[in-house]
Amino acid sequence: MNSFIHLTIPARAEFVDIARLTLFGIANKAGFSYEEIEDMKVAVTEACTNVVLHAYSNAQPGIIELSFEIEDKGISIRIKDEGSSFNYEPADTKSVTLHNKELSDITAGGLGLFMMHALMDKVEVFSERGTEVILTKLIGRKEEMA
Ligand SMILES: Nc1ncnc2c1ncn2[C@@H]1O[C@H](COP(=O)(O)OP(=O)(O)O)[C@@H](O)[C@H]1O
Ligand SMILES: [Mg+2]
């Protein structure tokens, strides 16, 4: 049976570590290795940092809603905001390779979504009213280096 844990934090940089600490507790309980948990921490931090930096204006501060779903095969982490939406093109992110690129070209496109794809098994982005990112990781599935 799947288990759900919900956490709502202010969309401010100083609260992102609460999301990381919660993730650690949940992923540890779900049976992930420390290496896998470190990867997930980076991906979740990138998603939360995007909300802090891009979703809300200074005049209208907002919240980050996190939902953790523990499944038999792994966990899904949903990071949701009600800020401004953006045009997400997954094909661009998936096809990105760091080979033969200048550092300035890489950072211009944004590294956060690229890293989420590299560190997680599945990344879904819905950006209609606000943004919803769903990160999924399966237990014990070592990624081969491409
Ligand atoms: N939660 C969000 N709300 C609004 N825009 C977002 C959000 N997440 C990502 N974006 C948009 O997607 C772009 C790419 O994100 P990312 O790959 O993390 O790069 P970076 O944050 O370095 O710009 C951001 O620049 C921003 O325009
Ligand atoms: Mg980012």
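Residues numbered from 1 in each chain as written. Chains lettered and ligands numbered in written order. Predicted model: local features only at pLDDT ≥ 70, side-chain atom pairs only at ≥ 80, totals over all residues. Heavy atoms only, no water.

## Regarding the packing of helix 2 (residues 34-55) against helix 5 (residues 112-119)
Between two packed helices, the angle of one axis relative to the other and the distance separating the axes together describe the packing. Between helix 2 and helix 5, the shortest axis-to-axis distance is 9 Å and the interhelical angle comes to 150°. Here helix 2 is positioned roughly antiparallel relative to helix 5, judged by the angle of their axes. The way helix 2 lies across helix 5 gives a crossing that is left-handed. In contact with Asp39, Val42, Ala43, Glu46, Ala47 and Asn50 of helix 2, helix 5 contributes Gly112, Met115, Met116 and Leu119. Across the contact of helix 2 with helix 5, the residue classes break down as 6 nonpolar, 2 polar and 2 charged. (Axes fitted to C-alpha atoms, helices over the stretch in contact; angles between N-to-C directions. Helix = DSSP H or I, 4+ residues; strand = E, 2+ residues; numbered from the N terminus. Parallel < 35°, antiparallel > 145°, perpendicular 65-115°, else oblique. Left-handed = near helix turned anticlockwise from the far one by under 90°. Contact = heavy atoms within 4.5 Å. Nonpolar A, V, L, I, M, F, W, Y, C, P; charged D, E, K, R; others polar.)

## Examining the pairing of strand 3 (residues 74-81)
Summarising burial for strand 3: 7 of the 8 residues are buried, a large majority. The sheet contact formed by strand 2 (residues 63-70) and strand 3 spans 6 bridges and is antiparallel. Of the residues in strand 3, the one forming a bridge with Ile70 is Ile75. Counting the residues in the hairpin turn of strand 2 and strand 3 gives 3 residues. (Buried < 20%, exposed > 50% of the residue type's maximum accessible area, 1.4 Å probe, protein only. Pairing = 2+ DSSP bridges.)

## Topic: the sheet that holds strand 5 (residues 131-138)
The antiparallel open sheet is built from 5 strands, whose spatial order is 1-2-3-5-4. Of all the strands in the sheet, just strand 1 (3-10) and strand 4 (122-126) have a single pairing partner and so form its edges. Each neighbouring strand pair of the sheet contributes to a mean axis angle of 15°, computed without reference to strand direction. Contacting strand 2, strand 3 and strand 5, helix 2 runs over the sheet at an angle of about 10° to strand 3.

## A short note on the site of ligand 1
In the vicinity of ligand 1, the contacting residues are Asn50, Val51, His54, Ala55, Asp81, Ser84, Phe86, Gly110, Leu111, Gly112, Leu113 and Thr131. Side-chain polar atom of Asn50 to an oxygen atom of ligand 1: 2.9 Å apart, as the coordinates give it. Starting from 540 Å² of accessible surface for ligand 1 in isolation, the protein chains cover 74%. Secondary structure elements with two or more residues in the shell around ligand 1: helix 2 and helix 5. When residues in the shell around ligand 1 are grouped by element, the largest group, 4 residues, is from helix 2. Class assignment of the residues belonging to the shell around ligand 1 gives a composition of 5 nonpolar, 6 polar and 1 charged. (Near = heavy atom within 4 Å. Polar contact = N/O pair within 3.5 Å; in protein donor to acceptor, adjacent residues only side chain to side chain. Areas by Shrake-Rupley, 256 points an atom, 1.4 Å probe, with all protein chains shown as cover.)

Remember that the coordinates give geometry; whether it matters functionally is a separate question.
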